[in-house]
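Remarks on the overall topology
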Number of protein chains: 2
Amino acid sequence: MIIAVDGMGGDNAPNCIIEGSISAINEFKDLTIIITGPEEIINEKLSKYNYPKDRIKVLNAEEIITNNEHPVMAIRKKKDSSLAKALTLVKNKEADAVISAGSTGAFMAGSLFIVGRIKGIDRPAIAPVLPGKNGPSMLIDCGANAECKPINLLQFAYMGDIYFKNILGISKPTVGLINIGAEEEKGNTLTKETYKMLKETSLNFVGNVEPRDIPSGDVNVLVCDGFVGNTVLKMYEGVAATILGTIKEEILSSTRTKIGGILLKPVFKNFKKKFDYKEYGGAAFLGVKGVCIKAHGSSDGKAIKNAISQAIRFSDNEIIDKIKMQIENEKMQKENENIENHV
Amino acid sequence: MIIAVDGMGGDNAPNCIIEGSISAINEFKDLTIIITGPEEIINEKLSKYNYPKDRIKVLNAEEIITNNEHPVMAIRKKKDSSLAKALTLVKNKEADAVISAGSTGAFMAGSLFIVGRIKGIDRPAIAPVLPGKNGPSMLIDCGANAECKPINLLQFAYMGDIYFKNILGISKPTVGLINIGAEEEKGNTLTKETYKMLKETSLNFVGNVEPRDIPSGDVNVLVCDGFVGNTVLKMYEGVAATILGTIKEEILSSTRTKIGGILLKPVFKNFKKKFDYKEYGGAAFLGVKGVCIKAHGSSDGKAIKNAISQAIRFSDNEIIDKIKMQIENEKMQKENENIENHV
């Protein structure tokens, strides 16, 4: 297994990338990693570690794509960027997967332009796994498609189902539609039409899920358009950060509360563990013809290592082939229905 | 000032309604309240309190609209419901405002069918005030319109501006567009078109606001379609409840953490106060031809009293007339532009 890692993507690059890659090499013995980025910088950082030299390679790339650039423009113009070069390795089958903690937009654009879509998938989606009180949930789409049709959401549901079954080992994942009401007739045109389609499938569709129930983690795969998904994701982060930040400030405001804070350390530690996004690696780009994993921008070494481990499972479990088969099945089913309708 | 209160709406009705009404009567001396609901029940509850009898009246209504009913059907069929009767008082100018903690959908439907829209406002909106770290924000629309056009969002912005100026006393409220990216070109067709319109207005438009920045409370008026607004609102509630619930469970798990919890009581108390939705009353229905305030379903007496106080300020400040004037101004401005274009 060869994994390409964008050496310059993310808030803590290249340090966390190097650190995560070294950990991954130590944990997975059949793994080789190719780090893309300015050779001199990467090699200098690598030289501080002891590791089997033949298992981490460096591919020189002089340019860097930042979060402030127009994603499509950046990926088109910066052919010598660490991101474009990592993606090209997957395109050329010189790597089995690619990981980046850099610009989500540029990574998604690059995965479409350089690696390409799976035939039959109209809209690949960004699918992070969110921590929840009772378990993780996959949120799909989370920002790749600000506008969607019902067929897109249906495909998201199938792809999420395949991912959850194979990567998270749940035999019959529950699938929910994010909506602003529990009843079938609630929501907008998109959710109403999608509901009708989902209930006709063989998926374990449990109906609408209201956003207030998302953090419970009771439903495995949550489908929605990318605007809503991104809103959910960012509200999750924003509300959590605000609440915990405010509590922290208050704790530091007096001696009494400072002592209380010390006594509650195990509480906050357990809490942090339960809701740690790093546990679940990065966001998979589902529907792309290669394994692309977007690690969180603020990833540390552990998050990068987990994203690499996720990429290995993604590749080992042949998720892409399974998505292709699902699309073929759907197509065949439709053709059969057409034939039946014409007999 | 006469205020109609739906005596049977909400999880804690009629008790919290009576309690809140009594407090309001004690606080505001020129106030008369009409409580709608089954006479016998309401009078029996009222008999336990000491209050000036001529200032709380009861209007008999035998039916109750629940959250489980189809809102439009319920409001059409149940003419003798506590909600429909309270709305009819406003329609007939026998009351200056109406408050309900019952079904949001039925209340909104009733406000449209019974009270009516302000001429020129295509889509009235639900506009709660959210607690934020640095101050409150108005979120408009929050669920009345699952699908919106740019003109609707523009009108929401104007209405929110008028509300914030007059009720919350901020002379030049900041207005933001909820979007999944900070840059102008981000988002879906709706947000892109709305952005263009908003930046041409005289409003204090500060651009896109990403959902993760909503809880900070740095922007006063946040506009979005009702699907997104409802998602934001329910994520806010859901994430906060999950985090605080999980921390509480963890605190109760050992003696050490229980003691820590006791020491941190002032922290949680301050926190609760800062993020207490009850402080800001209920959600105003902006664009309706009468003062309609939706109190939270789980309102207690204090929340009902605050909703009544909000209704008084809403009415005293002639918000509806100001919205009408704004619409007239817009119309005149457009006519002038048309004339100029033809000269």
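Residues numbered from 1 in each chain as written. Chains lettered and ligands numbered in written order. Predicted model: local features only at pLDDT ≥ 70, side-chain atom pairs only at ≥ 80, totals over all residues. Heavy atoms only, no water.

**Focus: the interface of chain A and chain B**
Across the contact, 53 residues belong to chain A and 53 residues belong to chain B. Taking both partners together, chain A and chain B bury about 4900 Å²; carbon and sulfur atoms supply 73% of that area. Summed over the three residues of chain A that lose the most area to chain B, namely Ile180, Phe227 and Met235 of chain A, the buried surface amounts to 14% of that side. The interface formed by chain A and chain B holds 6 salt bridges in total. Linking Arg212 of chain A and Glu237 of chain B is a salt bridge whose minimum nitrogen-to-oxygen distance equals 3.3 Å. Seen at the junction of chain A and chain B, the total is 14 residue pairs in polar contact (both at pLDDT 80 or more). Of the residues forming the side of chain A that touches chain B, the biggest block, 21 residues, is contributed by helix α8 (residues 226–251) of chain A. Split by residue class, the side of chain A that touches chain B holds 26 nonpolar, 16 polar and 11 charged. (Contact = heavy atoms within 4.5 Å. Buried area = accessible area lost by both parts, 1.4 Å probe. Salt bridge = Lys/Arg side-chain N within 4 Å of Asp/Glu carboxyl O. Polar contact = N/O pair within 3.5 Å; in protein donor to acceptor, adjacent residues only side chain to side chain. Helix = DSSP H or I, 4+ residues; strand = E, 2+ residues; numbered from the N terminus. Nonpolar A, V, L, I, M, F, W, Y, C, P; charged D, E, K, R; others polar.)

**Digging into the packing of aromatic side chains**
Under the counting rule described, the total for this entry stands at 6 aromatic pairs over all chains. Aromatic pair Tyr195 of chain A and Phe205 of chain A: ring centres 5.1 Å apart, planes at 75°, arrangement edge-to-face. Taken together, the residues span a long stretch of sequence, with Tyr195 of chain A in helix α7 (residues 189–199) and Phe205 of chain A in strand β9 (residues 204–209) at a distance of 10 residues. Across the pair, Phe205 of chain A and Tyr195 of chain A agree in class, each one buried. For the ring pair Tyr163 of chain B and Phe314 of chain B, a centre distance of 5.9 Å and an interplane angle of 65° mean the geometry is edge-to-face. In this pair, Tyr163 of chain B is assigned in helix α6 (residues 150–167) and Phe314 of chain B in helix α11 (residues 301–316), connecting sequence segments 151 residues apart. Between Lys53 of chain B and the ring centre of Tyr51 of chain B, over which it is positioned, the NZ or CZ distance is 4.1 Å. When the ring centre of Phe113 of chain B is taken as origin, the NZ or CZ atom of Arg76 of chain B, which lies over that ring, is 4.6 Å away. (Phe/Tyr/Trp six-rings, centres within 6.5 Å; stacked < 30°, edge-to-face > 60°. Buried < 20%, exposed > 50% of the residue type's maximum accessible area, 1.4 Å probe, protein only. Lys NZ or Arg CZ within 6 Å of the ring centre and 35° of its normal.)

**Focus: the sheet that holds strand β1 (residues 2–6) of chain A**
Residues and elements named next belong to chain A. If you trace the 7 strands from one edge of the open sheet to the other, you get β3-β2-β1-β4-β12-β11-β5, paired in mixed fashion. The sheet terminates laterally at β3 (56–60) and β5 (125–127), the two strands that pair on one side only. Recorded for the sheet is a direction-independent mean angle of 25° between the axes of neighbouring strands. With 3 bridges joining them, β1 and strand β4 (residues 97–100) adopt parallel strand pairing. Of the residues in β4, the one forming a bridge with Ala4 is Val98. Contacting β1, β2 (32–37) and β3, helix α1 (residues 15–27) runs over the sheet at an angle of about 170° to β2. Packed on one face of the sheet, helix α2 (residues 39–46) meets β2 and β3 and runs near 160° to β3. (Pairing = 2+ DSSP bridges. Axes fitted to C-alpha atoms, helices over the stretch in contact; angles between N-to-C directions.)

**Focus: a negative patch on the surface**
Residue and element names in this part refer to chain A. Taken together, the side chains of Asp96, Asp316, Glu318 and Asp321 present a region of like negative charge at the surface. With respect to the helices, strands and loops of the structure, Glu318 is situated in the loop between α11 (301–316) and α12 (319–342). A relative accessible area of 47% means that Glu318 is categorised as partly exposed. (Patch = residues over 30% accessible without salt bridge, like charges linked within 9 Å, V, L, I, M, F, W, Y side chains within 5 Å. Areas by Shrake-Rupley, 256 points an atom, 1.4 Å probe, with all protein chains shown as cover. Lys, Arg positive; Asp, Glu negative; His and termini not counted. Charge placed at Lys NZ, Arg CZ, Asp CG, Glu CD.)

**Some remarks on the relation of the copies chain A and chain B**
Superposition record for chain A on chain B: RMSD 0.0 Å, screw rotation 180°, translation along axis 0.0 Å. Accordingly, the operation relating the two chain copies is best matched by a two-fold axis. Judged by C-alpha distance, Gly260 of chain A is the residue of chain A that lies nearest the rotation axis, at 2.0 Å. Taken as a fraction of all interface residues of chain A, those also at the interface in chain B reach 98%, which identifies the copy contact as same-surface. (Least-squares fit on C-alpha atoms with pLDDT ≥ 70 in both.)

**Some details on the pairing of strand β9 (residues 204–209) of chain B**
Residue and element names in this part refer to chain B. Taken together, the 4 bridges between strand β8 (residues 174–178) and β9 define a ladder with parallel strand orientation. Across the sheet, residue Leu177 finds its bridge partner in β9, namely Asn208. Where the polypeptide runs from β8 across helix α7 (residues 189–199) and back to β9, its parallel neighbour, the crossover connection is right-handed. (Right-handed = clockwise from strand over helix to strand, strands pointing away.)

**A few points about the domain arrangement of chain A**
Residue and element names in this part refer to chain A. Per the domain assignment, the segments of chain A are domain 1 (1–121 + 287–319) and domain 2 (129–279). Taken together, the contact pairs 16 residues of domain 1 with 12 residues of domain 2. Overall, the association of domain 1 and domain 2 removes approximately 1200 Å² of surface from exposure, summing both partners, and the carbon and sulfur fraction of that is 59%. Per-residue buried area on domain 1 facing domain 2 is highest for Ile121, His296 and Ile319; these three make up 34% of the total on that side. Put simply, domain 1 and domain 2 have 0 salt bridges between them. (Domains from an automatic or database assignment.)

**Section: the pattern of salt bridges**
Tallying each qualifying case throughout the model produces 22 salt bridges over all chains. We note a salt bridge from Lys186 of chain A to Glu183 of chain A, for which the minimum N-O separation is 2.9 Å. Notably, a salt bridge pairs Glu184 of chain B with Lys199 of chain B, separated by 3.0 Å at the nearest N-O pair. Taken together, the positions of Glu184 of chain B in the loop between β8 and α7 and Lys199 of chain B in helix α7 put the pair 15 residues apart, joining distant regions of the chain.

**As for the pairing of strand β12 (residues 291–294) of chain B**
Residues and elements named next belong to chain B. Here β12 shows no split at all, with Val291 and Ile293 on one side and Cys292 and Lys294 on the other all buried. Pairing of strand β4 (residues 97–100) with β12 involves 4 bridges; the strand directions are parallel. Residue pairing in the sheet places Ala97 in a bridge with Val291 of β12. As paired strands, strand β11 (residues 283–286) and β12 are joined by 2 bridges and run antiparallel to one another. Each residue of the ladder has a partner; that of Ala283, found in β12, is Lys294.

**Observations concerning the nonpolar core**
Leu87 and Leu139 of chain A together with Leu87 and Leu139 of chain B are the most contacted members of the largest nonpolar core, which has 100 residues in total. When near neighbours in sequence (up to four residues on either side) are disregarded, Leu87 of chain A contacts Ile75, Val98, Phe107, Gly110, Ser111, Ile114, Val115 and Cys292 of chain A. (Core = buried A, V, L, I, M, F, W, Y, C linked by side-chain atoms within 4.5 Å.)

**Quick notes on the packing of α8 of chain A against helix α10 (residues 265–274) of chain B**
The N-to-C vectors of α8 of chain A and α10 of chain B enclose an angle of 135°; their axes lie 9 Å apart at closest approach. Judged by the inter-axis angle, α8 of chain A sits oblique to α10 of chain B. As for how α8 of chain A packs across α10 of chain B, the hand of that crossing is right-handed. Here α8 of chain A contributes Ile243, Thr246, Ile247, Glu250 and Ile251 of chain A to the contact with α10 of chain B, which in turn contributes Val267, Phe268, Asn270, Phe271 and Lys274 of chain B. (Parallel < 35°, antiparallel > 145°, perpendicular 65-115°, else oblique. Left-handed = near helix turned anticlockwise from the far one by under 90°.)

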